[in-house]
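A look at the structure
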Amino acid sequence: MEARAYLRYVRIAPRKVQIVLDLIRNQPVDKAMAILKYTPKAACEPLAKLLKSAIANAENNHSMNKDDLYVSECFVCPGPTLKRIRPRAQGRAFRVFKRTSHITLVLKEKE
């Protein structure tokens, strides 16, 4: 039995999210929440919200015990990239890529 939560179209680059996901993978949910709370990265705030959502899904939809949950899977996929223009010298324009992410978090109960 597993509980999933998705976060789509987050305005943060996937490689920045991946760093934080590597910290919480295979951790119990209370430890993962503590890691997200005290890690100074921009991705921690939406990930903490996503983890709370996954815990709520596990408790309400699947009747799982919160104390036995751990982060079994977490991964990020690139979403659509927003292309913007940055003015440069002598009338030139440079492309700026504002990347988005789709994040998936899977919780399972310890055996």
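Below is a short write-up of the structure. (Residues numbered from 1 in each chain as written. Predicted model: local features only at pLDDT ≥ 70, side-chain atom pairs only at ≥ 80, totals over all residues. Heavy atoms only, no water.)

This brings us to the packing of helix α2 (residues 29-38) against helix α3 (residues 44-62). Between α2 and α3, the shortest axis-to-axis distance is 9 Å and the interhelical angle comes to 160 degrees. The angle between the axes of α2 and α3 places the two elements in the roughly antiparallel class. α3 is crossed by α2, and the crossing has left-handed handedness. In contact with Val29, Ala32, Met33 and Leu36 of α2, α3 contributes Cys44, Leu47, Ala48, Leu51, Lys52 and Ile55. Here the contact of α2 with α3 is built from residues that sort into 9 nonpolar, no polar and 1 charged. (Axes fitted to C-alpha atoms, helices over the stretch in contact; angles between N-to-C directions. Helix = DSSP H or I, 4+ residues; strand = E, 2+ residues; numbered from the N terminus. Parallel < 35°, antiparallel > 145°, perpendicular 65-115°, else oblique. Left-handed = near helix turned anticlockwise from the far one by under 90°. Contact = heavy atoms within 4.5 Å. Nonpolar A, V, L, I, M, F, W, Y, C, P; charged D, E, K, R; others polar.)

This brings us to α3. Helix length check: α3, at 19 residues, gives a terminal C-alpha distance of 26 Å against a target of 27 Å (1.5 Å per residue), a fit within 8%. Next to the buried residues of α3 lie β1 (2-10), α1 (14-24), α2, β2 (69-78) and β5 (101-109). (Expected span 1.5 Å × (residues − 1).)

Turning our attention to the state of the cysteines. All told, the structure shown has 0 disulfides when counted by the stated rule. Looking at Cys74, it has no disulfide partner, and the nearest cysteine sulfur is the one in Cys77, 12 Å off. Judged by its relative accessible area of 34%, Cys77 is partly exposed. (Disulfide = S-S within 2.5 Å. Buried < 20%, exposed > 50% of the residue type's maximum accessible area, 1.4 Å probe, protein only.)

In this section: α2. Because an α-helix completes one turn every 3.6 residues, residues spaced three or four positions apart along the sequence face the same direction. Those residues of α2 that sit buried are Val29, Ala32 and Leu36. Looking down the long axis of α2, one finds its buried residues gathered within 60 degrees of arc, a one-sided arrangement. Opposite the buried face of α2, by more than 90 degrees, sit the exposed residues Asp30, Lys37 and Tyr38. As for α2, its buried residues are in contact with α1, α3, β2 and β5. (Arc of directions from axis to C-beta.)

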